[in-house]
Amino acid sequence: MKLRVWAEVQGISYRTALNWFHAGTLPVPARQLPTGTILVEPPQASTGLTVAYCRVSSSDQAEDLERQVGRVAVECSQRGLVLDRVVSEVGSGLNGHRTMLAKVLADPTVGTIVVEHRERLARFGVEYVEQALAASGRTLVVLDEAELPDDLVQDMVDVLTSMCGRLYGRRSARRRAEAAIAAIEAHRDTE
């Protein structure tokens, strides 16, 4: 397809797509004909494995992890998605060193990754992961796009916990983060 049509489908301006092409950063293969027309070759539909990724933050949520795996399997079957594998992991959504997720992302035979909520994949930056997967012809399927009601507050607690953990050590990180949140709320109430 022509670059102009591709840009329109992607929701970006033609000029941006043209700049990407000339800079060599267009996320799909493209070539320029002798006439000057730029043709984009969209990635082939993924024929790889479909893997469900389920995660909880701590080991005391093991029962929640089992229920999450069940919900994902049921929802996939209702949508006609056939799961080849289910990968479950215990680890913080802020932890960038989750081994099971790294293996799934690095495996070129995985064409589709299924998660229940975006935050099950990662607390921040899921959009970047999704774009990287799309550039290699792979997809991310989020079964429930609705954000959890307390996501913003929980994200703030998680960021503070992570920062406090790095500053003060893992053992007292959560307590210090909760104290920081309480101090912020107390200060906000006095204003």
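Residues numbered from 1 in each chain as written. Predicted model: local features only at pLDDT ≥ 70, side-chain atom pairs only at ≥ 80, totals over all residues. Heavy atoms only, no water.

Draft legend 1. Structural view of the sheet that holds strand β5 (residues 110–115). If you trace the four strands from one edge of the open sheet to the other, you get β4-β3-β5-β6, paired in parallel fashion. In this open sheet, the two strands that pair with only one neighbour each are β4 (85–90) and β6 (139–142). Pairs of neighbouring strands in the sheet enclose a mean axial angle of 25°, with direction left out of account. Strands β3 (49–56), β4 and β5 of the sheet are contacted by helix α4 (residues 99–106), whose axis makes an angle of about 145° with β4. (Pairing = 2+ DSSP bridges. Helix = DSSP H or I, 4+ residues; strand = E, 2+ residues; numbered from the N terminus. Axes fitted to C-alpha atoms, helices over the stretch in contact; angles between N-to-C directions. Contact = heavy atoms within 4.5 Å.)

Draft legend 2. How the structure looks around helix α1 (residues 3–10). Listed as buried for α1 are Leu-3, Trp-6 and Ala-7. With its buried residues spanning 100° around the axis, α1 presents them on a single face. Exposed and facing more than 90 degrees away from the buried side of α1 are Arg-4, Glu-8 and Val-9. Where α1 is buried, its residues meet α2 (14–23) and β2 (38–40). (Buried < 20%, exposed > 50% of the residue type's maximum accessible area, 1.4 Å probe, protein only. Arc of directions from axis to C-beta.)

Draft legend 3. Representation of the packing of aromatic side chains. The final tally for this structure, using the stated rule, is zero aromatic pairs. We note Arg-4 situated over the ring of Tyr-14; from NZ or CZ to the ring centre the distance is 4.0 Å. (Phe/Tyr/Trp six-rings, centres within 6.5 Å; stacked < 30°, edge-to-face > 60°. Lys NZ or Arg CZ within 6 Å of the ring centre and 35° of its normal.)

Draft legend 4. Representation of the pattern of salt bridges in the model. Taken as a whole and assessed by the stated rule, the structure comprises eight salt bridges. As a salt-bridge pair, Arg-85 and Asp-107 come within 3.7 Å of each other at their nearest N and O atoms. Placement of the pair is Arg-85 in strand β4 and Asp-107 in the loop between α4 and β5, with a sequence separation of 22 residues. When its relative accessible area of 33% is taken as the criterion, Arg-85 is described as partly exposed. By sharing partners, the salt bridges in this structure join Arg-55, Glu-119 and Arg-120 into a single network. (Salt bridge = Lys/Arg side-chain N within 4 Å of Asp/Glu carboxyl O.)

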